Amino acid sequence: MASLLLLLFLAAITVTSQSYGSEFSIPRQIHLLRPQSGAAGSHVPGVTCLSWRLGVETNNIIGWKTVPAECEGYVGHYMLGQQYRADSKAITDEAFLYAQSLKPDGDGKDIWVFDIDETALSNLPYYAEHGFGADPYNATLFNKWVLEGKAPALPESLNLYRKLQSLGIKIVFITGRTEDQRTVTTNNLKKAGYRSWLKLVLKASSYSGKTAAFYKSSERAKLVSSGYRIVGNIGDQWSDLLGTNTGNRTFKLPDPMYYIS
Ligand SMILES: *[C@@H]1O[C@H](CO)[C@@H](O)[C@H](O)[C@H]1NC(C)=O
Ligand SMILES: *[C@@H]1O[C@H](CO)[C@@H](O)[C@H](O)[C@H]1NC(C)=O
Ligand SMILES: [Mg+2]
């Protein structure tokens, strides 16, 4: 464990010494709210928080409702520190390398699917304020935050979006947000730097009873039957990336804050 912590420490120094754009200014209230509680070595019975996070990211730990109480501090520090950003960058860099290897058909039918929450846009300011454990998700408060329309971009995703567009790949957003949030979502995306896209697919407000994985698969199927080729797909939940018509390659961004099936 000591050597693992040393490794993390060294990784943190390396990452900190790189310069990140200043456009992503997320308040670090978690550090004030819960100072230094919960290191990677904290124990959920028998499992460290780092192991728990790895299990979550690899889709081995599924169906969880909240971050284990012991890991709330750890998840808060991960999300608001540099490691989350570094991990996101490793993923979007890899996505771009793959995209560059594609031979675009030039018919405008190559598309890349982006999820919105915790992918294109970040709700970290909401979680920083409300906490990362013990069910911070309160539908009333979260909707109020969404309706403010001021979620920042996850900068690594915005960067990937721009680079994909420069390759001639078109962007389709598929989100679990509902149709009644179309205007606020459109305005928020634009304000965050996403200026154009082929489609923004939101869930019908009356939609219920199906998983996100089912809903997103159905929406991707419609795109494919319209002749589009889903060359890539990026999201923070496995339910963005599993199912049918997933795309030629999928890219999983980190999200140890919540689980959507
Ligand atoms: C959600 O937040 C509102 C406003 O603070 C509060 O009145 C309500 O009880 C909360 N709901 C739950 C389920 O905690
Ligand atoms: C992408 O997937 C489709 C459907 O499986 C396949 O026909 C096509 O060859 C793949 N394209 C690339 C570039 O791998
Ligand atoms: Mg998401």
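To be clear, the structure that these remarks concern was listed above.
Residues numbered from 1 in each chain as written. Chains lettered and ligands numbered in written order. Predicted model: local features only at pLDDT ≥ 70, side-chain atom pairs only at ≥ 80, totals over all residues. Heavy atoms only, no water.

**Student:** What is the right way to read the overall build of the protein chain from this model?
**Tutor:** Along its length, the protein chain carries 10 helices and seven strands. Considering the protein chain as a whole, with its 261 residues, one finds that 49% of them fall into the buried category. Of the contacts formed within the protein chain by residues at least 6 apart in sequence, a portion of 75% connects residues at least 24 apart. Summed over its atoms, the accessible surface of the protein chain is roughly 12,400 Å², and 56% of this surface lies on carbon and sulfur atoms. (Helix = DSSP H or I, 4+ residues; strand = E, 2+ residues; numbered from the N terminus. Buried < 20%, exposed > 50% of the residue type's maximum accessible area, 1.4 Å probe, protein only. Contact = heavy atoms within 4.5 Å. Areas by Shrake-Rupley, 256 points an atom, 1.4 Å probe, with all protein chains shown as cover.)

**Student:** Explain helix α4 (residues 72–80) here, please?
**Tutor:** Every α-helical turn comprises 3.6 residues, leaving residues that sit three or four positions apart pointing alike. Burial of α4 is extensive: nine of the nine residues sit out of reach of the surface. Listing the buried residues of α4 in full gives Glu72, Gly73, Tyr74, Val75, Gly76, His77, Tyr78, Met79 and Leu80.

**Student:** What's the story with the environment of Ile234 in this structure? I'm lost.
**Tutor:** Checked against the element boundaries, Ile234 lands in strand β6 (residues 229–235). The buried category is assigned to Ile234, whose relative accessible area is 0%. Linking Ile234 and Leu253, residues 19 residues apart in sequence, is a C-alpha distance of 7.2 Å. Those residues in contact with Ile234, other than ones at most four positions away along the chain, are Ile91, Thr92, Trp112, Val113, Phe114, Asp115, Thr119, Leu160, Leu241, Phe251 and Leu253.

**Student:** I'm lost on the sheet that holds strand β7 (residues 249–252) in this one. Help?
**Tutor:** Neighbouring strands of a sheet are bound in pairs by backbone hydrogen bonds; such pairs are parallel or else antiparallel. The five strands are arranged β5-β4-β3-β6-β7 in an open sheet whose pairing can be described as parallel. Each end of this open sheet is capped by a strand with a single partner; those strands are β5 (199–203) and β7. Here the strands of the sheet are splayed against their neighbours by 20 degrees on average, with no regard to which way each runs. Alignment of β6 against β7, held across four bridges, turns out to be parallel. By the bridge assignment for β7, Ile234 is matched with Phe251. Here helix α8 (residues 155–166) sits on the sheet and contacts β3 (110–114), β4 (170–178) and β6; the angle it forms with β3, its principal contact strand, is near 170 degrees. (Pairing = 2+ DSSP bridges. Axes fitted to C-alpha atoms, helices over the stretch in contact; angles between N-to-C directions.)

**Student:** What exactly am I supposed to notice about the coordination of the magnesium ion (ligand 3) here?
**Tutor:** Four donors placed tetrahedrally around a metal ideally meet at 109.5 degrees, and six donors placed octahedrally ideally meet at 90 or 180 degrees. Every protein donor of the magnesium ion (ligand 3) is listed here as Asp115 (OD), Asp117 (O) and Asp236 (OD), and their distances to the metal cover 2.0 to 2.1 Å. Going along the chain, you hit the donors of the magnesium ion (ligand 3) in the pattern D-x1-D-x118-D. Asp117 carries the same exposure label as Asp115, and that label is buried. (Donors = N, O, S within 2.8 Å, 3.2 Å for Na, K, Ca; no water.)

**Student:** Which parts of the structure should I look at to understand the side chain of Ser122?
**Tutor:** Along the polypeptide, Ser122 turns up in the loop between β3 and α6 (124–130). Judged by relative accessible area, which is 1%, Ser122 ranks as buried.

**Student:** Explain the state of the cysteines to me, please; I cannot follow it from the model alone.
**Tutor:** Covalently bonding the sulfur atom of one cysteine to the sulfur atom of another cysteine gives a disulfide. In total, this model carries one disulfide according to the counting rule given. Disulfide pairing places Cys49 opposite Cys71 at an S-S distance of 2.1 Å. Every disulfide takes its handedness from the sign of the S-S torsion; for Cys49 and Cys71 that torsion is -90 degrees, giving left-handed. Pair noted here: Cys49 is in helix α3 (residues 49–57) and Cys71 is in the loop between α3 and α4, with a separation of 22 residues, a long-range link. Comparing Cys49 with Cys71, the two get one shared label, buried. (Disulfide = S-S within 2.5 Å.)

**Student:** Where do I start with the pattern of salt bridges in this structure?
**Tutor:** Two side chains with opposite charge may pair up if their charged atoms get near one another. Here the structure, examined in full by the defined rule, presents 12 salt bridges. The salt bridge involving Lys89 is made with Asp93; its shortest N-O contact spans 2.9 Å. A residue pair is termed a helical-turn pair when its members lie 3 or 4 positions apart in one helix, as Lys89 and Asp93 do in helix α5 (residues 82–101) at four residues. A salt bridge links Lys216 to Asp240, with the shortest nitrogen-to-oxygen separation between them at 2.8 Å. Taken as a pair, Lys216 in helix α10 (residues 212–225) and Asp240 in the loop between β6 and β7 lie far apart in primary sequence, 24 residues in all. The burial state of Lys216 is the same as that of Asp240; both residues are buried. Linked by salt bridges that have partners in common, Asp107, Asp110 and Arg229 make up one network. (Salt bridge = Lys/Arg side-chain N within 4 Å of Asp/Glu carboxyl O.)

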